[in-house]
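What follows is the residue order along each chain.
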Amino acid sequence: MDLAFFGVQLLNGLQYGLLLFLIASGLTLIFGIMGIINLAHGAMYMIGAYLVWDLTLRLGNFWLAILIAIPVAVALGLIIERLFLDTLYKRDHLYQVLLTFGLILVLNEAQRIIWGGDVHSVPVPAPFDASLQLTDNLQYSVYRLFVMGVCLALAGVIYWVIRHTRLGIIIRAGAVNRDMVEGLGINVRTLFTLIFSVGVALTAFAGMIAAPLTSIAPGMGDSILITCFVVVVIGGIGSIKGAFWGAILIGMATTFGSVLIPSLASMVIYLIMAAVLLVKPRGLFA
Amino acid sequence: MKNLKKTALASVLGTATLVSAFGAMADDHPVKLGLMLPYSGTYTALGEAITNGLRLAIEQQGGQLGGRDVEYVELDSEANPSKAPQNMSRLVKGDKVDFVIGPVHSGVAMGMLRVAKQSGAITIIPNAGLEAATNQLCMPNVFRTSFSMWQDAYPMGKVAYEQGHRRIVTITWDYAGGKEDLAGFEEAFEAEGGEIVEQILVPFPSTEFQSYLTQIASLEPDAVYTFFAGGGGVSFVRDYAAAGLKESIPLLGSGFLTEGNVAALGDAGEGVMTTLHYAETLDSEENQAFVSGYQEAYGEAPDTYAVQGYDTGMMLVQALDAVDGNTEDQEALIEALAGVELESPRGPMSFSDSHHPIQNVYLREIRDGRHEVVGVAAEQLEVPDDACRM
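Each chain has its residues counted from 1, following the order in which its sequence is written. Chains carry letters and ligands carry numbers; both start at the beginning, A for chains and 1 for ligands, and go up in the order they are written. Where local features are concerned, this predicted model is filtered to residues with pLDDT of at least 70; where side-chain atom pairs are given and counted, the filter is 80 or more; whole-chain, interface and lining totals use all residues. Remark: hydrogens and water are excluded; side-chain values derive from all non-hydrogen atoms of the structure.

Per an unreviewed UniProt entry, chain B goes by the name Amino acid/amide ABC transporter substrate-binding protein, HAAT family and belongs to Halomonas shengliensis. UniProt positions are given in the numbering used here, feature names are shortened, and annotations may be inferred rather than shown by experiment. What UniProt states about chain B under its Sequence similarities (unreviewed entry) heading is, verbatim, "Belongs to the leucine-binding protein family."

Going by the annotation in an unreviewed UniProt entry, the name recorded for chain A is Branched-chain amino acid transport system permease protein, with Halomonas shengliensis given as the source organism. What the UniProt record of chain A gives under Sequence similarities (unreviewed entry) is the line "Belongs to the binding-protein-dependent transport system permease family. LivHM subfamily." Taken directly from UniProt, the Subcellular location (unreviewed entry) text for chain A runs: "Cell inner membrane".

Colleague: What am I meant to see in the pattern of salt bridges here?
Modeller: Close approach of charged atoms lets side chains of opposite charge pair. What counts as a salt bridge is simple: a side-chain nitrogen of Lys or Arg found within 4 Å of a carboxyl oxygen of Asp or Glu. In the structure shown here, the tally under the stated rule is 13 salt bridges over all chains. The salt bridge involving Glu109 of chain A is made with Arg112 of chain A; its shortest N-O contact spans 3.2 Å. On the criterion of helical spacing, the pair formed by Glu109 of chain A and Arg112 of chain A is a turn pair, its members being three residues apart in helix 4 (residues 93-115). Notably, a salt bridge pairs Glu365 of chain B with Arg367 of chain B, separated by 3.2 Å at the nearest N-O pair. Partly exposed residues are those whose accessible area sits between 20% and 50% of the maximum for their type, while under 20% is buried and over 50% is exposed, using a 1.4 Å probe and protein chains only. Judged by relative accessible area, Arg367 of chain B falls into the partly exposed class, the value being 39%. Note on conventions: DSSP H or I runs of at least 4 residues are helices, E runs of at least 2 residues are strands, and numbering of each starts at the N terminus.

Colleague: Just to check I follow, could you spell out the UniProt feature "transmembrane region" (unreviewed entry) in chain A for this structure?
Modeller: Residues and elements named next belong to chain A. In the numbering used here, UniProt assigns the feature "transmembrane region" (unreviewed entry) to residues 18-42, 62-85, 142-162, 190-211, 223-244 and 256-279. Within residues 142-162, the helical portion is 100% and the strand portion 0%, while the C-alpha atoms at the span's ends are 31 Å from each other. From the first C-alpha to the last, residues 256-279 spans 23 Å; its make-up is 71% helix and 0% strand.

Colleague: Explain the interface of chain A and chain B here, please?
Modeller: Accessible area lost upon the coming together of the parts serves often as the stated size of an interface. Contacts: residue pairs with any heavy atoms within 4.5 Å of one another. Taken together, the contacts link 34 residues of chain A with 35 residues of chain B. Taken together, the two surfaces of chain A and chain B that pack against each other cover about 2,400 Å², and 51% of this comes from carbon and sulfur. The quantity reported as buried area is the accessible area (1.4 Å probe) lost by two parts once they are put together, taken as the sum for both. By the criterion of area lost to chain B, the three top residues of chain A are Arg112, Val119 and Asn137 of chain A, representing 22% of everything that side buries. Taken together, the links from chain A to chain B amount to one salt bridge. Across the pair Arg144 of chain A and Asp239 of chain B runs a salt bridge whose closest N-O atoms are separated by 3.5 Å. Nitrogen and oxygen atoms within 3.5 Å of one another constitute a polar contact, given that in protein one can donate a hydrogen and the other can accept it, and given that sequence-neighbouring residues count only through two side-chain atoms. Our enumeration of links across chain A and chain B arrives at twelve residue pairs in polar contact (both at pLDDT 80 or more). Broken down by secondary-structure element, the contributors of at least two residues to the side of chain A that touches chain B are helix 1 (3-34), strand 2 (139-141) and helix 10 (240-260) of chain A. Looking at the side of chain A that touches chain B element by element, the count peaks at six residues for helix 1 of chain A. A class-by-class count of the residues in the side of chain A that touches chain B yields 16 nonpolar, 14 polar and four charged. Polar here means any residue outside two lists: the nonpolar Ala, Val, Leu, Ile, Met, Phe, Trp, Tyr, Cys and Pro, and the charged Asp, Glu, Lys and Arg; Gly therefore counts as polar.

Colleague: Teacher, can you tell me more about helix 11 (residues 268-279) of chain A here?
Modeller: Note: α-helices contain 3.6 residues per turn, so residues at a spacing of three or four share the same orientation. All names here are of chain A. Here the expected length of a helix is defined as 1.5 Å per residue gap, with one fewer gap than residues. For helix 11, built from twelve residues, the straight-helix expectation of 16 Å at 1.5 Å per residue is met to within 8% by its first-to-last C-alpha distance of 17 Å. Those residues of helix 11 lying buried are Val268, Ile269, Ile272 and Val276. All buried residues of helix 11 project into a common sector of 100° when viewed along the axis, lining one side. On its buried side, helix 11 packs onto helix 9 (220-235) and helix 10. Here, the arc refers to the directions that run from the helix axis to the C-beta atoms.

Colleague: Which parts of the structure should I look at to understand the domain arrangement of chain B?
Modeller: Residue and element names in this part refer to chain B. Segment limits for the domains were obtained from an automatic or database-derived domain assignment. Domain boundaries assigned for chain B yield domain 1 (2-147 + 283-355) and domain 2 (150-276 + 362-381). Measuring from the centre of the C-alpha atoms in domain 1 to the corresponding centre in domain 2 gives 31 Å. The partner domain 2 presents eight residues to the ten residues of domain 1 that form the contact. Interface of domain 1 and domain 2: buried area, both sides summed, is about 760 Å²; carbon and sulfur atoms make up 48% of it. When residues of domain 1 are sorted by the area they lose upon contact with domain 2, Phe147, Thr304 and Tyr305 head the list and together hold 51% of the total. Connecting domain 1 to domain 2 are four residue pairs in polar contact (both at pLDDT 80 or more).

Colleague: How do you make sense of the nonpolar core when you look at a structure like this?
Modeller: Proteins that are soluble and globular tend to have nonpolar side chains buried together. Residues Phe21, Met34, Val52, Phe196, Met208, Ile209 and Ile216 of chain A are the most contacted members of the largest nonpolar core, which totals 87 residues. When sequence neighbours within four positions are dropped, the list of residues in contact with Met208 of chain A reads Gly48, Ala49, Val52, Phe62, Ile66, Ala69, Ile70 and Ala73 of chain A. Among the buried residues, those of types Ala, Val, Leu, Ile, Met, Phe, Trp, Tyr and Cys that are joined through side-chain atoms within 4.5 Å form a nonpolar core. Counting residues in hydrophobic clusters, the runner-up holds 51 residues, among them Tyr72, Ile122, Leu320 and Phe351 of chain B.

Take a look at the structure:
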């Protein structure tokens, strides 16, 4: 591999890693604060992608579609939290796992009933539907650069909210000792509803922004779910900073692993996870 | 529950027509077709297209098989290999069907064929392309009306060489179906004297292709041959075009790369060449009649899977006519099925000694969002079945 292609692969790894961070951030946020393992995470990613595809087709504008799809995703989170999760907090973790597993089946089937089984795509929206010439035969979509920018910006916003706002203090405190936070007069029930809705919206937003880069197909969230769990476990469950560096690490490992050691390509992320857990059993940043 | 209802409805309708049929013979019970296809999950569209095609063929021929009414028993395979033996047993032993038609998924086929071996149930495979079904596993009671991975890929090897390509990179998912497909292409391409520069295997079912596209760009081959299907096919072709590779390195593929995906591919698909045993634009009387008949019955255009279902139906019609609807004498029935010759929408089709279709494979190019037939890549191609001696 010469230097130019090495540079392109670095870019590929970074871009994939940043997108992974965006997808995984909702998962780690919900787990960190609420202690809920949301197995339906991938299904919500898929719902985001389908929503934006459907709305783009109706409205003819990708950006408008995202603008409308985000509140829909927040509402979905709100409904799921208030109707189902709210009754299960006092019960064992297993009930929540069972519920979110059930949600995968329900959301996947709902997707099939509403949108059918065909494969769809969303065209790359203007003004980012151009490409840069990287080497003499390879181009790079400007939209990919845009997605990187969005992921970085969101990482910054999430970091700022958690580090420098009152809400962030409550969130951090809640992650350490929920009972104490409640004892201090914070309405944990409202906080949970908020966190879950934001988490779902973040995940669905990842699906929306990734839609022009991927294909919209049934079950598209199932494979991303496993990768997200690996990212979150490597970074330390519940840590946003961990999710960020975990995602970059997995992005790079997937990109370079697939080219340098193709025979291990499908295992490389699990090997890294095993290695991290051996040294730091709670993850890199927990 | 849905399937139960459908079955119940089918039997009620079956009985109703039976009773009203004038002077029907006392032992004239309907022919039972057990459909073991995916009616939920990722492969739903395929299961439904096959069912539609099958029913259309039988309806168009008078709704009967060998003078007997037809009862359909639909069972959702869920494309789940672990449930396959149990589901197949239910159809064969529980519902006592005369024929099992299925599956779509090759993993399910493995489970089904185990039961087919033990029970001797006549099984017609309307999709699953694993080579073993009509080669290593070799059973007199098993037929296939579709294709094998090898059969659709092999003709492209010669085409690629004739187009002047000498150094080619092949890429697919790291699973049996993809590897069998590449093996077919590589066998033909290397026999012509071409060189496979690199065979890339992507972990299944990943659709993150950027690093592989960068690798392809650095290898600078004359062309790329690929097998991906469904969402993976759309992602690969679009990413390939977005990386600017399509202009400098032509993209060739198995027909499944673009089958059912043309609309989703948009401009990225234009000019992509594939080989497959069918194209919706085939200019034959049979195909035009089939396409308009299907369109009229179901309000949508048929695809390859619908043709495979349709031919399964035509095969049953022909074979049961030959034995006058007698499903008791299994040996005669199998002989009749093996002797079936169809003027199918896909062209002339007959069966090899291993019960696999002998058929044309077409070279297709996407032009203006349609698979245009460029030519016949292989005429009446037979698959290797050295491991099968019946």
